[in-house]
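# Report on the structure
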Amino acid sequence: MQHFPIFLDVANKAIVLSGGGEAALAKLRLLLKTEARLHVFAADPAPEIENWNTDGHLALTRRPLAADDLVGATLAYAANEDTAEDARVADMARGAGVLVNVVDNLDASAFITPAIVDRDPVTVAIGTEGAAPVLARAIKRDLEERLPQNLGLLARIGKAFRARADALPMGRIRRDFWSAFYFTSGPRAAVSGHAAIEAALEAELQAHLGKSAQPGHIAFVGAGPGDPELLTLKARRALDEADIVIHDRLVPVEILELARREALILSVGKEGFGPSTPQDRINELLIEHAGTGAQIVRLKSGDAAVFGRLEEELDAVEAAGVSYSVIPGITAASAASAQIGRSLTARGRNSELRLLTGHDMDGLAEQDWQALARPGTVAAIYMGKRAARFVQGRLLMHGASADTPVSIVENASRPQSRSLPSRLCTLAEDVARADLSGPAVMFLGLSPRDAANAAAQIDIAAKEHA
Ligand code: SAH
């Protein structure tokens, strides 16, 4: 993001505009919506500007802008439709330390004026950093249709009512009150005007004053392998309703952004071998927050019940008498098998699937190697990147064929995903060569359906790394 969107308080601040033609008019129509003091400098202004001048909406000076005119200005616009004059104005503005926008010249501008959907005080600003004005216009059109014209009126009346709404306990009840107003009773009352909207607010307030606060609740939610579209509808709803989201490191920001804006987002990232929040502290956090009546989402990557220490947390919250629910998610092995075009089980190939971890609390994890070494075994190895050489050695020692196929799937379901074909005999080297930086699952006993394509990927990865 090269341009950071903000809303600037321009009430009673000076905004200076140089120019008097079409470009100036276009900007002034927007600027006239604000409470800023507008000062236009133009030797030959369009008649509309003359009229706005006599209305008292802006001050017009009939000469080119001079450096002194910029003193104390908050923003400046160069809208002369004349490259040399715009450059002169931009230079003066920069010299005076005033942020300047040069119309149709992104590189010379310190800020962009976005496309605006105006339901004052609700304002939507749309920007594409100059990349796609067509897109900005399409989004604006879409929002203009979607947002009711009286939204601004509802918001203004709602804003004046905020102090009264403080009578409601903070949190869920207050939130429910506002959403009932903005999405149900408010729009219904708006057709009958101002007084009806106020009456609707009052009625909503009375209805919600009678409600008692909910007890705290923890939803243990599987966030899936990373692609936000692989969240379940239940997970999505839980995120919508959560006051607090406590998440692991592998949950991507795109999913966290689906939580309510006011929700408190806490990371308790556990990195394979890196720093982490101790499990006891996580348990304490859950219980503490639930005690305040918060609706908590404990968000874990994949399925919460697969290598997620779920039962340790369930034991703790159950012992503390906190209510909870578990919402399953799509585990990494499911996303990874989809990526390589393989089924996790297949008639005549494997009627059993094992889920293994490469390392456990004591370090590299021991397994039933004898069983795993048998031909036809399929196992999904989680957290196995650093265990590749160990797994390879143990399996070969127990008689597994050196030719056993292994597929490595990194970042399954995410944009940077890769699938790499390997064999048991070269597994450790292939994993090292692939230089995996994201989470990866290794499938023992499965080759990618499209092995040629996957092999090309590993070559590209190796070259990029070289
Ligand atoms: N509960 C999670 C697993 C947590 S353990 C689940 O059900 O998926 C963390 C391990 O999961 C990682 O080391 C990696 O082996 C695997 N993993 C998680 N997300 C992954 C992804 N998008 N692609 C590949 N492997 C992933």
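Note that the structure is predicted; figures quoted are calculated from it, not measured.

## Let's talk about the overall build of the protein
Summing up its helical and strand segments, the protein has 17 helices and 19 strands in all. Its C-alpha atoms give the protein a radius of gyration of 30 Å, clearly above 23 Å, the size a compact globule of 466 residues would have. Judged by the C-alpha coordinates and their principal axes, the protein covers about 95 × 65 × 40 Å. Buried residues in the protein amount to 43% of all 466 residues. Long-range pairs, those at least 24 residues apart, make up 63% of the contacts in the protein with a sequence separation of at least 6. When the accessible area of the protein is evaluated, it comes to approximately 24700 Å², of which 53% is carbon and sulfur surface. When the 49 positive and 59 negative side-chain charges of the protein are each reduced to one mean point, those points stand 4 Å apart.

## Looking at the pairing of strand 7 (residues 122-126)
Strand residues, when the strand is regular, have side chains that alternate between the two faces of the sheet. Pairing of strand 6 (residues 115-119) with strand 7 involves five bridges; the strand directions are antiparallel. Opposite Arg119, over in strand 7, you have Val122 as the bridge partner. Two successive antiparallel strands, strand 6 and strand 7, enclose a turn made up of two residues.

## Examining the site of the ligand
Near the ligand, the surroundings consist of 18 residues, among which Ser301, Val306, Thr331, Ala412 and Ala440 are the closest. A distance of 2.6 Å separates an oxygen atom of the ligand from a polar side-chain atom of Thr331. A distance of 2.9 Å separates an oxygen atom of the ligand from a polar atom in the backbone of Met383. Protein burial of the ligand: of its 550 Å² of free accessible surface, 92% is covered by the chains. Residues that form the shell around the ligand fall into these classes: 12 nonpolar, four polar and two charged. Residues from two domains meet in the shell around the ligand; each of domain 3 (217-329) and domain 4 (333-465) gives at least three.

## Re the domain arrangement of the protein
Partitioning the protein into domains gives domain 1 (14-113), domain 2 (151-209), domain 3 (217-329) and domain 4 (333-465). For domain 1 versus domain 4, the separation of C-alpha centres amounts to 63 Å.

The rules behind these values
Residues numbered from 1 in each chain as written. Predicted model: local features only at pLDDT ≥ 70, side-chain atom pairs only at ≥ 80, totals over all residues. Heavy atoms only, no water. Helix = DSSP H or I, 4+ residues; strand = E, 2+ residues; numbered from the N terminus. Rg over C-alpha atoms; globule rule 2.2 N^0.38 Å. Buried < 20%, exposed > 50% of the residue type's maximum accessible area, 1.4 Å probe, protein only. Contact = heavy atoms within 4.5 Å. Areas by Shrake-Rupley, 256 points an atom, 1.4 Å probe, with all protein chains shown as cover. Lys, Arg positive; Asp, Glu negative; His and termini not counted. Charge placed at Lys NZ, Arg CZ, Asp CG, Glu CD. Pairing = 2+ DSSP bridges. Near = heavy atom within 4 Å. Polar contact = N/O pair within 3.5 Å; in protein donor to acceptor, adjacent residues only side chain to side chain. Nonpolar A, V, L, I, M, F, W, Y, C, P; charged D, E, K, R; others polar. Domains from an automatic or database assignment.

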